[in-house]
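Structural overview
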Amino acid sequence: MPSNGMGTAGLVLGILAAITFCLWPLALVLGVLGVIFGGIGRAKARRGEATNPGQSLAGIICGSAGIVLALVMVAFEIANAT
């Protein structure tokens, strides 16, 4: 049986990171975890242990987008701190 849990977890965490970027500390953590779990899921799919390489890749992409959006939010807050 395929173990698709890591890819699915990466996708869910990546999506959560992308939509909660206003809560930037949470978005950074979720984004990093999304990228890590997506990478693990992608490696499992490459070895034939999982059947969801697309979900894993989407987790990496959404997690990365969440990280970038959170960093933009941090920069915006720093710029408006004065």
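Up top you'll find the structure we're talking about.
The rules behind each value
- Residues numbered from 1 in each chain as written.
- Predicted model: local features only at pLDDT ≥ 70, side-chain atom pairs only at ≥ 80, totals over all residues.
- Heavy atoms only, no water.
- Axes fitted to C-alpha atoms, helices over the stretch in contact; angles between N-to-C directions.
- Helix = DSSP H or I, 4+ residues; strand = E, 2+ residues; numbered from the N terminus.
- Parallel < 35°, antiparallel > 145°, perpendicular 65-115°, else oblique.
- Left-handed = near helix turned anticlockwise from the far one by under 90°.
- Contact = heavy atoms within 4.5 Å.
- Nonpolar A, V, L, I, M, F, W, Y, C, P; charged D, E, K, R; others polar.
- Polar contact = N/O pair within 3.5 Å; in protein donor to acceptor, adjacent residues only side chain to side chain.

This part is about the packing of helix α1 (residues 5-19) against helix α2 (residues 24-47). At their nearest, the axes of α1 and α2 sit 7 Å apart, and the two run at 155 degrees to each other. One element, α1, and the other, α2, form an angle in the roughly antiparallel class. Relative to α2, the crossing made by α1 is left-handed. Taken together, the residues of α2 that come into contact with α1 (itself represented by Met6, Gly7, Ala9, Gly10, Leu13, Gly14, Leu16 and Ala17) are Ala27, Leu30, Gly31, Leu33, Gly34, Phe37, Gly38, Ile40, Gly41 and Lys44. Residue composition of the contact of α1 with α2, by class: 10 nonpolar, 7 polar and 1 charged.

Moving on to the packing of α1 against helix α3 (residues 53-79). With their axes 7 Å apart at the nearest point, α1 and α3 run at an angle of 25 degrees to one another. As summarised for this structure, α1 and α3 are arranged roughly parallel, according to the angle between their axes. The chirality of how α1 crosses α3 is left-handed. Residue-level inspection shows Gly7, Thr8, Gly10, Leu11, Gly14, Ile15, Ala17 and Ala18 of α1 in contact with α3, the latter providing Gln55, Ser56, Ala58, Gly59, Cys62, Gly63, Gly66 and Leu69. Of the residues belonging to the contact of α1 with α3, the class tally is 7 nonpolar, 9 polar and no charged.

This brings us to the side chain of Thr20. With respect to the element layout, Thr20 can be found in the loop between α1 and α2. Engagement of the side chain of Thr20 in a polar contact is seen with the backbone oxygen of Leu16, the distance being 2.6 Å. If we ignore the near neighbours within four places in the chain, the residues touching Thr20 are Ala27 and Leu30.

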